[in-house]
Structures are given as structure tokens and as C-alpha cells.
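Overview (structure and organization)
As a plain string of letters, each chain reads:
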Amino acid sequence: HTAPDLPRHTLSSQPSAPMAGNDRFDGTLMSILQTHPSDMEFLNTIFGFLQRRTSCFNGPKAEANFQTLLNTLTIQLEAYRKAEYKKKQGIDTDEEEEKEAAKRKAQEEEEKRKKAEQFKKENEERIAARKAAEEKKKKEEEERAANGGEEKKEEVKEKKDVEDEDDEDDESKGAKPIHNGGVTDKYSWTQTLGELTVTISAEQLGLAKGQVKAKALDIEIKKKTMKVGVKGKEPLISGDLHQMVKLDNSVWTIEDSSRVVITLEKQNGMEWWKTVMVGDPEINTRKVEPENSSLSDLDGDTRQTVEKMMYDQRQKALGKPTSDEEKKQDMLKKFMTQHPEMDFSNCKFN
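Residues numbered from 1 in each chain as written. Predicted model: local features only at pLDDT ≥ 70, side-chain atom pairs only at ≥ 80, totals over all residues. Heavy atoms only, no water.

Overview of the overall build of the chain
Tallying secondary structure elements over the chain gives 8 helices and 8 strands in all. Looking at the chain residue by residue over its 350 residues, the buried ones come to 23%. A separation of at least 24 residues holds for 54% of the contacts in the chain among residues at least 6 apart in sequence. Surface accessibility of the chain: about 25700 Å² in total, with carbon and sulfur atoms responsible for 50%. (Helix = DSSP H or I, 4+ residues; strand = E, 2+ residues; numbered from the N terminus. Buried < 20%, exposed > 50% of the residue type's maximum accessible area, 1.4 Å probe, protein only. Contact = heavy atoms within 4.5 Å. Areas by Shrake-Rupley, 256 points an atom, 1.4 Å probe, with all protein chains shown as cover.)

Structure representation (C-alpha cells):
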């Protein structure tokens, strides 16, 4: 009897990863291997089988398959040489990966710390500026109350003139914010430190009030661009956003069938926008009135970093160790407890 023809197989044109394999047939292959006097004789049997019973090395693609085999063997040889070199040099691959992971983690921690410091600094500056403005206003009111008659009127008039001049200067740098945003002929918008809300009425879209339907709208939000309009018409809004946004949390809804409300989450949650779309009217961000920030508004990692910084500042003010110093002291105490046979009385620690 002759064995039935087996399914034809060809080698993949892409070499396998170094030392990769399928252990599903290990038992079968091992039993075959044990019937051969050497490993190379086993390989000769395998290749002879492939050449006799498949088109792998005996067909139109044989030459290409031989080249793929050579490439695979080259990759395996390089992997072997690399492993042998590391073994001779005493290099631990796992240790290298751990070092790289630790380095990446340290870089991430540093970025979080910088972000938290920037947030804290800007928040403190805003609070200080607001308090200074309140104190100045209170002082001026007290001075006006102390003066009377024409002097008081003249002072009020001069102050008004100065404020008008300041407002004119501010106009050249941007309009005074309305709810930290502004109003254009296409939309109105407001913002917090983390997100923007853009509101477009039915009239601005060219639709009748109460006739705003999702299927009639053409809205496209990308990281740096936004398009809003009615299908079949020129877009009402189309162009580059002032800054990048996070797509996962940027959404739009329809309210009362009369307006479209778009919520955009800022990519940089530490910056005030002076406009929504590039080229649209801008506001003076120096006159933005930030909402009261709290630790609960921050993401978990940033909040932990801010809390740690605040704790360390309090500890330093009281002349006590910081959280890192406390951690080192705890490690030292634990080590001393684990080694009672050692005398640390004359040791000096830095």
C-alpha cells in the first residue's frame, strides 16, 4: 500500500520570530527524534519528507521557500549569537527590561509632577491676583467714602475714564469674556479649565425652532478640526480648532430640538482658550475668572502628586521629614528590627 497524499503546504514568506514555535506536536516529534542517531539525521528526515510529499521544496515556489528557510535560519543564528554573548557578558535580559521599565516610570512620574506643579502655580497666581484686585477695590471705595462733594465725583469720573481706556486696550487684545467664553454670529461658547461648551441655535443653523434633528446634521469632530452644518448646505463651522481636544470625551447633543450643544474636552487641561475656531473672534484670557479648583477635579495620578506636594510642604514648614524621608526612615527601622544582632548606635546616616 502507498500512503495517501497529504495536503500541500508552503512556507510563509515572513520568517518566524526567533526561537518561536508550536509545542502542540512536541510529543510526536520527540518520539520520531528518538529513533534517529542524531539531531541532524532527524532534520534530514523532515526535509526529505517535505521534498517527497509536498510542493514546499519540490514545486514552482521551491526556490522562494528555500530562500525563506535561509532567512529563518539566519534569524535563529543571530538570536543564538546574541543570547550567547549576553551569557558570556553576564547580562540579564530581564534585568535590562526592568531597568527600561523603571526609567519609563520615572519619566512619567516627572511629567505628572511638573503638571501638578504648573497647575498649583497657576491656581495660586489666579487666587493672588483676585485677592489683590479685591483689596484694591476695597481701598478705593474707602478712599472715595472719605472724600466728598466734587472731589468724590471727579475721582469717580477719572476712574471711569481710566477703566474705559483699559477696556479699549483690552479690546485690542481680545473681548471681555462672557462666562469665560464669548459670542459670535455662528455660536456662543463657555469654558472651564478642562472643557468647552459650544451652543448653536436652530436659527444659526438656518432651521426653524424645534426642527433640529440629528439625521439632518453634518457634524464631524477631530483632534484639531471641527465641522458643523446641515447636510446638503455649506458648513456653518469648518476649520481648525484653537487647540487639540480628546475625542473620547468630546460629544454633541440636541436640546429641545432647538439647539446643538457640543462639549469638547481639552487635550491640555491646564490652558484657557481665547477662541474655539482659528480665525474667529478672540477673548482676553487675562480676564477669565477660573472656577474654584479642588483636588476632586483632578485625575487620580495628578491628585496624588498634588496631595504629596502639599503634605511635603506642610512637613517642611513644621521642620518634619517629607514623605520620601519618612519612607526611608521606615525602611531603616525595618532593617534594624530584622537585624537585632547588629549595633547601629555609632552609625551616622545621611
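Back to the text.
Observations regarding the sheet that holds strand E5 (residues 225-230)
What links the strands of a sheet is backbone hydrogen bonding, and the strands pair in either a parallel or an antiparallel sense. Spatially, the 3 strands line up as an open sheet ordered E4-E5-E6, and their pairing is antiparallel. With partners counted over all chains shown, the strands left at the sheet margins are strand E4 (217-221) and strand E6 (237-240), one partner each. Averaged over neighbouring strand pairs, the angle between their axes works out to 5 degrees when direction is ignored. Sheet topology note: the E4/E5 ladder contains 5 bridges and is antiparallel. For Asp218, the partnering residue across the bridge sits in E5 and is Gly229. (Pairing = 2+ DSSP bridges. Axes fitted to C-alpha atoms, helices over the stretch in contact; angles between N-to-C directions.)

Here we look at the pairing of E6
For E5 and E6, the ladder comprises 4 bridges, and the chain directions are antiparallel. Along E6, the bridge assignment pairs Val228 with Ile237. Connecting E5 to the antiparallel partner E6 that follows it, the hairpin turn spans 6 residues, and Gly232 within it adopts a positive phi of roughly 85 degrees.

So, the nonpolar core
Among the nonpolar cores identified, the biggest contains 30 residues, and Ile200, Leu205, Met226, Ile262 and Val276 are the most heavily contacted of them. Within the residue set of this core, elements represented by two or more residues are strand E3 (195-201), helix H6 (202-205), E4, E5 and strand E8 (259-266). In contact with Ile262, other than residues within four places in its own chain, are Leu196, Thr197, Val198, Ile200, Ile221, Met226, Val228, Val251 and Trp252. (Core = buried A, V, L, I, M, F, W, Y, C linked by side-chain atoms within 4.5 Å.)

Details of unusual backbone geometry
Notably, His179 is not glycine yet its phi reads approximately 55 degrees, a positive angle. Within the secondary structure, His179 is located in the loop between helix H5 (149-173) and strand E1 (182-183). Overall, the relative accessible area of 66% leaves His179 in the exposed class. Phi angles above zero are rare outside glycine, and Ser257 is one such case at about 55 degrees. On the secondary structure map, Ser257 appears in the loop between strand E7 (245-255) and E8.

Considering the side chain of Asp280
On the secondary structure map, Asp280 appears in the loop between E8 and helix H7 (300-317). One buried charge, Asp280, has no salt-bridge partner; the nearest side chain with opposite charge is Lys186, at 4.4 Å. In this structure the side chain of Asp280 is engaged in a polar contact, spanning 2.6 Å, whose partner is the side chain of Tyr187. With residues up to four places along the chain from it excluded, the contact list for Asp280 reads Lys186, Tyr187 and Thr275. (Lys, Arg positive; Asp, Glu negative; His and termini not counted. Salt bridge = Lys/Arg side-chain N within 4 Å of Asp/Glu carboxyl O. Polar contact = N/O pair within 3.5 Å; in protein donor to acceptor, adjacent residues only side chain to side chain.)

Digging into helix H3 (residues 62-89)
Here H3 spans 41 Å end to end across 28 residues, near enough to the 40 Å set by a 1.5 Å rise per residue. Count one or two residues on from H3 and you reach Gly90, which has phi positive near 70 degrees. (Expected span 1.5 Å × (residues − 1).)

Observations regarding a nonpolar patch on the surface
Together, Phe25, Leu29 and Ile32 give the surface a local cluster of nonpolar side chains, amounting to about 240 Å² of exposed area. For Phe25, the position within the fold is in the segment before helix H1 (26-33). (Patch = residues over 30% accessible without salt bridge, like charges linked within 9 Å, V, L, I, M, F, W, Y side chains within 5 Å.)

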